[in-house]
Amino acid sequence: MGREEQRAAMRQMREGLIAELEELYRNAFDRIGDQDLGEGAVARLTQLLLRSREAAITPLEQEIEAPLITSPAGQPTP
């Protein structure tokens, strides 16, 4: 597998992981809404879940959006 194919495969893997995480968090938010926990408990749990989602997904998104800084030896930087 060439370098570009590896890069594309890694991007596809990250995007797939993000999609799976989004689905997981969407289901968790739905479950919270279905519980009779009271406003305060729901607010605290929702805030924790939002922070968890941000911590899980942001690094994957940043890696996808990061520009390529290095090039293989002997090739110009894009």
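Quick note: structure is the one above.
These remarks concern the structure in this document. From a predicted model like this one, the values you see are computed outputs, not experimental measurements.

### Some thoughts on the pattern of salt bridges
- Throughout the structure, instances matching the rule amount to 5 salt bridges.
- The partner of Glu 63 in a salt bridge is Arg 14, with the nearest N and O atoms 3.8 Å apart. Note that Glu 63 is positioned in helix α2 (residues 39-65) and Arg 14 in helix α1 (residues 3-34), a separation of 49 residues in sequence.
- Classification of Arg 14 as buried rests on a relative accessible area of 17%.
- We note a salt bridge from Glu 22 to Arg 53, for which the minimum N-O separation is 2.7 Å.

### Quick notes on the environment of Arg 14
- Residues Arg 14 and Ile 64, 50 residues apart in the sequence, show an inter-C-alpha distance of 7.3 Å.
- Once residues lying within four places of it in the same chain are set aside, the contact partners of Arg 14 are Leu 60, Glu 63 and Ile 64.

### Let's talk about the packing of α1 against α2
- Contact pair α1 / α2: the axes reach a minimum separation of 10 Å and the direction vectors enclose 175°. As the angle between them shows, α1 and α2 are arranged roughly antiparallel.
- Residue composition of the contact of α1 with α2, by class: 15 nonpolar, 2 polar and 7 charged.

What counts, and at which threshold
- The residue count restarts for each chain, going from 1 along the sequence in the order it is written.
- Only residues with pLDDT of at least 70 are given local features in this predicted model, and only at 80 or more are side-chain atom pairs given and counted; all residues enter the totals for whole chains, interfaces and linings.
- Note: side-chain values were computed over all heavy atoms of the structure, leaving out hydrogens and water.
- Each reported salt bridge corresponds to a side-chain nitrogen of Lys or Arg within 4 Å of a carboxyl oxygen of Asp or Glu.
- Secondary structure elements are defined from DSSP: runs of H or I of at least 4 residues count as helices, runs of E of at least 2 residues count as strands, and each element is numbered from the N terminus.
- The buried label applies to any residue whose accessible area, calculated with a 1.4 Å probe on protein chains only, is under 20% of its type's maximum; exposed applies above 50%, and partly exposed to all values in between.
- Residue contacts are defined here by distance: any two heavy atoms, one from each residue, within 4.5 Å place the two residues in contact.
- With axes taken as lines fitted to C-alpha atoms, and helix axes fitted only over the stretch in contact, angles between N-to-C directions fall between 0 and 180 degrees.
- If an angle is under 35 degrees, it is roughly parallel; if it is over 145, roughly antiparallel; if it lies from 65 to 115, roughly perpendicular; otherwise it is oblique.
- Residues are sorted three ways: Asp, Glu, Lys and Arg are charged, Ala, Val, Leu, Ile, Met, Phe, Trp, Tyr, Cys and Pro are nonpolar, and all the rest, Gly among them, are polar.

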